[in-house]
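# An overview of the molecular structure
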Amino acid sequence: MQATTHTESHKGAHDAHHHHHEPGFLQKYVFSTDHKIIGIQYGLTALAFLFFGFLLMLCMRWSIAEGANAAQIKDYVIRPIPLVGGLLEKLLGDVAPKGIMSADLYNSFGAMHGTIMVFLAIVPLAFGAFGNYVVPLQIGAPDMAFPRVNMASYQFYFIGGVIMFVSFFIPGGAAQAGWTSYSPLATTIPTHGQAFWLVGMVFLISSSLLGAVNFIATIIQLRAPGMTWMRLPFFVWAQFVTGFLLLLAFPPLEAAGVMQLMDNVFGTSFFLPTGLAVGGRLADVSGGGSPLLWQHLFWFLGHPEVYVLILPGMGVVAEIIANNTRKSLWGYKSLVYSVLAIGFISFIVWAHHMYLTGMGTKISAFFQTTTMIISIPSVIILTCLFISLWGGSIRFNTPMLFALAFLPMFGIGGLTGLPLGFAAADLHLHDTYYVIAHFHYVVAPGTIFALMGGIYYWFPKMTGRFMSEFWGKVHFVGSFIFMNVVFQPMFIQGMAGMIRRMADGGLNYSTFKNPGAVGGLGADVMNMHKIILIGAVCLGLCQIPFIINLFWSIKNGKKATSDNPWGSTTLEWQTPTPPPHGNFDKEPIVVRGPYDYSLPGKDKDFTPQNQA
C-alpha cells in the first residue's frame, strides 16, 4: 500500500510538471525552481569564482617570487604586478602602492583565496551544480523535493558571494585573518573586512544547509519505482553522504561565526581570553573566552569539508570510468560502504589540525588513530576504481583522461596526508608548504580534475552538443603538466622548513638576509618560487582553451546524435536532450542495477536501468 501511494504521488508530481504555462525570462532563468536551471546557475557562478580565486593566487605567487629574487640580488627593486598592478592601485589604493602588493594586501588575498576556492567555487560546483543537475535525473525524479528551497539555496549562495567580493573595496579591505579566521587574530585586526567575511559565511552556510536538506529528502523520497538503495548510481551515494556532512558539520561553524561577529561588533568575548595583549598593551575586552573553542568549532566543519570537496569528485569519476571502460564498477557495494564509513569517521578526526595547541598525548593518540582509520575506506574506493580499469575496453576521450588523472593525483594527496596525521611528524610539517602541497593535491589535480571531467561528460546532456575533443585534450595535457609543476616543489620546500603565508616567500627567514642563521633557507629552495610562478602562469593560460571551448560549444559544438551519445546505462541519459521541465516523458521504472555494461547475450554493450 505504501509503495502504491509513493508511486501515485510521484506520478502526480510528474503530471503537474507537464501542465504549466511557459514562464517568462526572469522566472525561467533568474527565479527558477527547475533543478536543472539552478544547477547551471550554480555551475556558471562557481566557475566565475574559481577563475577569480585563481587570479588572486597568481598575484600572490608574483609577490612570493619577487621575494625570492630579492633574496639573491643586492638592492633588488620589487616590481609591480604585471597587467593588473595599475588596476589594483587604482581600485585598492594604499595597499597596492605603484602596483606592488603590500603585506596587508597579501594577507587579504590569501584569506579570500582560500575562502573563495572552498566555499564559493569547488563546493558549489561539486554539490550545487552537479548535484542539482544530475541527482534528480539519475534517481528518476521530476525535480527536487523542495523546488523553492532549492531556489533560495542558490540565492543565499549568490548573496554570500557578493558580500565576499564587495569586501575587497571597503575601507581597510577584505578579511586578513586567513581562511580559517582564527581568534583572537580575527577580532584584533582593525578592519571591517572580517565582519563582511563573517556575514558572507552565514549566508554561504545557510545556502549549504538548505541544499543539504533538499538533497537528503529528494534521494530518500523521490526515487523512481524500482530504484532501490543498491541500484543507486555511486554518484548519488556520494552526494547523499555529502548532504549529511553539510547538514551536521556546518551548524557549529554558523554558530561560531555569529559569536565571532558579536566579538567583533558588540564587544563580547566568546573567543577572547582574559589578559589578552595586543601591541604590548592589555586589550580592552571583558575576557573569559577561549580561542581554542573557535578552532574546535571551525575544524569540526573543516575536516568533513575536505570530504565534501572530494566525495562528489569520486562520484563523477566513478560514472566516467564505468561508462568508458564499458564494464561494471568493480566492488560496487564496497564503494557504497566505504563512502558511508568516510561520512561517519570524518566527524571524529578534526583535531589532527590542532596538535600544536598543546593537547594531551592521549587525545593526540585518539585523533592519530581515527586519522589512520579514515584512510582505509579512501584507499578502498581508489582501489575499486583502479581495478575497474582492468580488462575494460577503455575509450580515451576527454572526460576519461581527467578521470584517469584524478586517480594518481588524489593518491598523492592522500598518501602525503598520512605524515600530517601523526603528531610527531606534524610538529615539523605544520604550517609549512608541505601542508599546502598535500591539501592542493587532493583538491586541485584531485577534485577539480574530476569536476572538469564531469563538465565534458554531461555537457551533451545539458546542451545537446559536445565540447571539442581536440581542445579538451589540449586543456587536459597542459593542466596535468602544470598542476604538478606548481605543487610538486612545495613538498620539498615544506620539508626544508619553509613557512607558508609569507608575503615575501620566506625572504626574512633565508640565509641571504640572515647569514649564519640556524635553519635558514638556501637558494635551491627559494628558487623554486620562480618555477612555481611560471607553472601557475602556464596553468592559467591552459584554461583559456577550456573557457572558449565551453561557451563556443553551446551553439557550435558537434551535435549529439542521440539522447544517449556516450551509450550510458543510468537514467539521466534516458531523458530527452536537454531534459524538459519534469525531466521524463513518462515515469521511469527501474529494473536493474546502474552499471550493466557488456552483458552476455545483449545486442548492445550497455543496458539502461529502465530496460529489461
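Since this is a predicted model, take the numbers as computed values, not measurements. (Residues numbered from 1 in each chain as written. Predicted model: local features only at pLDDT ≥ 70, side-chain atom pairs only at ≥ 80, totals over all residues. Heavy atoms only, no water.)

Another aspect to go through is the overall build of the protein. Along its length, the protein carries 17 helices and two strands. Its C-alpha atoms give the protein a radius of gyration of 25 Å, within 12% of the compact-globule value 25 Å for 612 residues. Once the C-alpha set of the protein is aligned to its principal axes, its extents read approximately 75 × 55 × 50 Å. Within the protein, the fraction of its 612 residues that count as buried is 57%. Sequence-distant contacts, at least 24 apart, represent 78% of the contacts inside the protein between residues at least 6 apart. In the form shown here, the protein has an accessible surface area of approximately 24,900 Å², with 69% of it arising from carbon and sulfur atoms. Computed over 31 positive and 27 negative side-chain charges, the separation of the two mean positions in the protein equals 7 Å. (Helix = DSSP H or I, 4+ residues; strand = E, 2+ residues; numbered from the N terminus. Rg over C-alpha atoms; globule rule 2.2 N^0.38 Å. Buried < 20%, exposed > 50% of the residue type's maximum accessible area, 1.4 Å probe, protein only. Contact = heavy atoms within 4.5 Å. Areas by Shrake-Rupley, 256 points an atom, 1.4 Å probe, with all protein chains shown as cover. Lys, Arg positive; Asp, Glu negative; His and termini not counted. Charge placed at Lys NZ, Arg CZ, Asp CG, Glu CD.)

The terminal C-alpha atoms of helix α16 (residues 469-495), which comprises 27 residues, lie 40 Å apart, in line with the 39 Å expected from a rise of 1.5 Å per residue. Structurally, the start of α16 carries an N-cap: the backbone nitrogen of Phe470 is 3.5 Å from a side-chain oxygen of Ser468. (Expected span 1.5 Å × (residues − 1). Polar contact = N/O pair within 3.5 Å; in protein donor to acceptor, adjacent residues only side chain to side chain.)

All right, on to the packing of aromatic side chains then. Using the criterion set out here, one finds 44 aromatic pairs in the structure. Relative to Tyr157, the ring of Tyr42 has its centre 5.2 Å away and its plane inclined at 25°; by these criteria the two rings are stacked. With Tyr42 in helix α3 (residues 35-72) and Tyr157 in helix α6 (residues 147-166), this residue pair connects regions lying 115 residues apart in the sequence. Residue class for Tyr42 comes out buried when judged on its relative accessible area of 4%. Of the residues examined, Tyr157 reaches a relative accessible area of 2% and is grouped as buried. Among the aromatic residues, those joined into a cluster by ring pairs are Phe119, Trp179, Phe250, Phe271, Trp294, Phe298 and Trp299. Above the face of the Trp229 ring, Arg223 is positioned so that its terminal group lies 4.1 Å from the ring centre. Above the face of the Phe466 ring, Lys558 is positioned so that its terminal group lies 5.9 Å from the ring centre. (Phe/Tyr/Trp six-rings, centres within 6.5 Å; stacked < 30°, edge-to-face > 60°. Lys NZ or Arg CZ within 6 Å of the ring centre and 35° of its normal.)

With that settled, consider the state of the cysteines. A complete count under the given rule lists zero disulfides for this structure. Of the cysteine sulfurs around Cys59, a residue in no disulfide, the closest is that of Cys538, at 16 Å. (Disulfide = S-S within 2.5 Å.)

Before going further, it helps to spend a moment on the side chain of Ser207. Relative to the assigned elements, Ser207 resides in helix α8 (residues 193-221). On the accessibility criterion, Ser207 (5% relative accessible area) is buried.

To continue, consider the nonpolar core. Membership of the largest hydrophobic core comes to 180 residues, with the highest contact counts inside it found for Phe109, Met112, Phe234, Leu253 and Leu311. With 22 residues, helix α5 (residues 103-139) is the largest single contributor of residues to this core. Apart from residues no more than four positions distant in its own chain, Phe234 is found in contact with Met314, Gly315, Ala318, Glu319, Leu329, Tyr332, Leu335, Val336, Val339 and Tyr595. (Core = buried A, V, L, I, M, F, W, Y, C linked by side-chain atoms within 4.5 Å.)

Okay, the packing of helix α10 (residues 291-325) against helix α15 (residues 433-463) next. It is the contact of α10 with α15, at a shortest axis distance of 9 Å, that shows an interaxial angle of 45°. Considered as vectors, α10 and α15 are oriented oblique to each other. Considering how the two elements wind past one another, α10 and α15 form a crossing that is left-handed. Within the contact between the two elements, α10 uses Val306, Leu309, Ile310, Gly313, Val316, Val317, Glu319, Ile320 and Asn323 and α15 uses Phe439, Val442, Val443, Thr447, Ala450, Gly453, Gly454, Tyr457 and Trp458. Counted by class, the contact of α10 with α15 contains 12 nonpolar, five polar and one charged residues. (Axes fitted to C-alpha atoms, helices over the stretch in contact; angles between N-to-C directions. Parallel < 35°, antiparallel > 145°, perpendicular 65-115°, else oblique. Left-handed = near helix turned anticlockwise from the far one by under 90°. Nonpolar A, V, L, I, M, F, W, Y, C, P; charged D, E, K, R; others polar.)

Okay, the side chain of Gln295 next. Relative to the assigned elements, Gln295 resides in helix α10. According to the relative accessible area criterion, Gln295 is buried, its value standing at 12%. Once you skip the residues sitting within four places of it in the chain, Gln295 turns out to touch Tyr182, Met354 and Thr357.

Moving on to the pattern of salt bridges. Within the structure shown, the criterion is met by six salt bridges. Residues Lys473 and Glu469 are paired through a salt bridge, measuring 3.7 Å at the closest nitrogen-oxygen approach. Taken together, the positions of Lys473 and Glu469, both in helix α16 and four residues apart, correspond to about one turn of that helix. Owing to a relative accessible area of 31%, Glu469 belongs among the partly exposed residues under this scheme. (Salt bridge = Lys/Arg side-chain N within 4 Å of Asp/Glu carboxyl O.)

Time to look at a nonpolar patch on the surface. On the surface, Leu83, Val84, Leu87, Leu91, Phe158, Val162, Phe165, Val166 and Phe169 cluster together to form a nonpolar patch covering roughly 840 Å² of accessible area. Looking at the nonpolar patch, the elements that each hand over two or more residues are α4 (85-92) and α6. At four residues, the largest contribution of residues to the nonpolar patch is made by α6. (Patch = residues over 30% accessible without salt bridge, like charges linked within 9 Å, V, L, I, M, F, W, Y side chains within 5 Å.)

Looking now at the environment of Leu335. Among the secondary structure elements, Leu335 is positioned in helix α11 (residues 332-345). Assessed through its relative accessible area of 0%, Leu335 is described here as buried. Placed 168 residues apart in sequence, Leu335 and Ser167 show a C-alpha to C-alpha distance of 42 Å.

Summarising the element assignment, Trp552 is placed in helix α17 (residues 523-556). Judged by relative accessible area, which is 47%, Trp552 ranks as partly exposed. Trp552 sits 84 residues away from Ser468 along the chain, and the two C-alpha atoms are 9.2 Å apart.

In a regular helix each residue adds 1.5 Å, so 28 residues correspond to 40 Å; helix α12 (residues 361-388) covers 41 Å between its end C-alpha atoms and thus fits that length. Summarising the contacts, the buried residues of α12 are in contact with α10, α11 and α13 (398-421).

Quick look at the packing of α6 against α8 now. Where α6 meets α8, the axes come as close as 8 Å, and the angle between the chain directions of the two elements is 160°. When the axes of α6 and α8 are compared, the pair comes out roughly antiparallel. The crossing of α6 and α8 is left-handed. Facing α6, whose interface residues are Val149, Asn150, Ala152, Ser153, Phe156, Tyr157, Ile159, Gly160, Gly161, Ile163, Met164 and Val166, α8 presents Phe196, Trp197, Val199, Gly200, Met201, Phe203, Leu204, Ser206, Ser207, Leu210, Gly211 and Asn214. The residue makeup of the contact of α6 with α8, split by class, is 15 nonpolar, nine polar and no charged.

Before going further, it helps to spend a moment on the confidence of the model for the protein. Looking at the protein, pLDDT values average 91 and 94% of them are 70 or higher. Between residues 1-9, whose pLDDT stays under 50, and residues either more than four places distant or in other chains, the model counts five contacts. (pLDDT = per-residue confidence, 0-100.)

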